Amino acid sequence: MNYKETAKETIGNLYKAHTSIRKSGIDEKLIALAELRVSQINGCAYCCSYHAKELLNFGFEQDTVNQLPGWQHTTAFDTRQKLVLEWAEAITYNNYVWQQIKEKLQQHFTEREIVELTSSITLMSTLNKLRITLAKQD
């Protein structure tokens, strides 16, 4: 199904929101990292491939990208990156530890960055699910 064409205005607005987040001033590498992790959790093969390539283009080493599923058990990611990944997982898995993580985020990110990051994570889940359920298999 060509869902992007079928609901052109609605899907277009989702992608406009994505573009807005990317232009918000938060480090795009952090957004891409969160988007890849969310895509991995949701199982969107297309989005995993897209965001992995994007991270490589941002200068991440292939080995670092490969370690993403086990980010808690590696030193490949810095404190801010680990917080972003922890936040992405908490929201995507809906595991109700938001307040604890949000307090840690507030020590390293501005309020605006937290809102943009959270918007990115929730929007990526939506885009993943649209692609998985409505697009042709990749």
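A few points on the structure. (Residues numbered from 1 in each chain as written. Predicted model: local features only at pLDDT ≥ 70, side-chain atom pairs only at ≥ 80, totals over all residues. Heavy atoms only, no water.)

## Digging into the side chain of Asn42
One can find Asn42 in helix 3 (residues 28-42). Within the structure, Asn42 has its side chain in polar contact with the side chain of Ser125 (distance 3.1 Å). Side-chain polar atoms of Asn42 contact the side chain of Asn128, separated by 3.0 Å. Apart from residues no more than four positions distant in its own chain, Asn42 is found in contact with Thr92, Ser125, Asn128, Lys129 and Ile132. (Helix = DSSP H or I, 4+ residues; strand = E, 2+ residues; numbered from the N terminus. Polar contact = N/O pair within 3.5 Å; in protein donor to acceptor, adjacent residues only side chain to side chain. Contact = heavy atoms within 4.5 Å.)

## Remarks on the nonpolar core
In this structure, Ala34, Val84, Trp87, Leu105, Phe109, Leu117 and Ile121 are the most contacted members of the largest nonpolar core, which totals 25 residues. Sorting the residues of this core by element identifies helix 2 (8-22), helix 3, helix 6 (79-93), helix 7 (98-105) and helix 8 (111-134) as the ones contributing at least two each. Here this core gets seven residues from one element, more than from any other, and that element is helix 8. If we ignore the near neighbours within four places in the chain, the residues touching Leu105 are Leu83, Trp87 and Ile114. Grouped together as the second largest cluster of nonpolar side chains are twelve residues, Ala32, Leu55, Phe60 and Leu68 included. (Core = buried A, V, L, I, M, F, W, Y, C linked by side-chain atoms within 4.5 Å. Buried < 20%, exposed > 50% of the residue type's maximum accessible area, 1.4 Å probe, protein only.)

The values are spatial; any link to function lies outside them.
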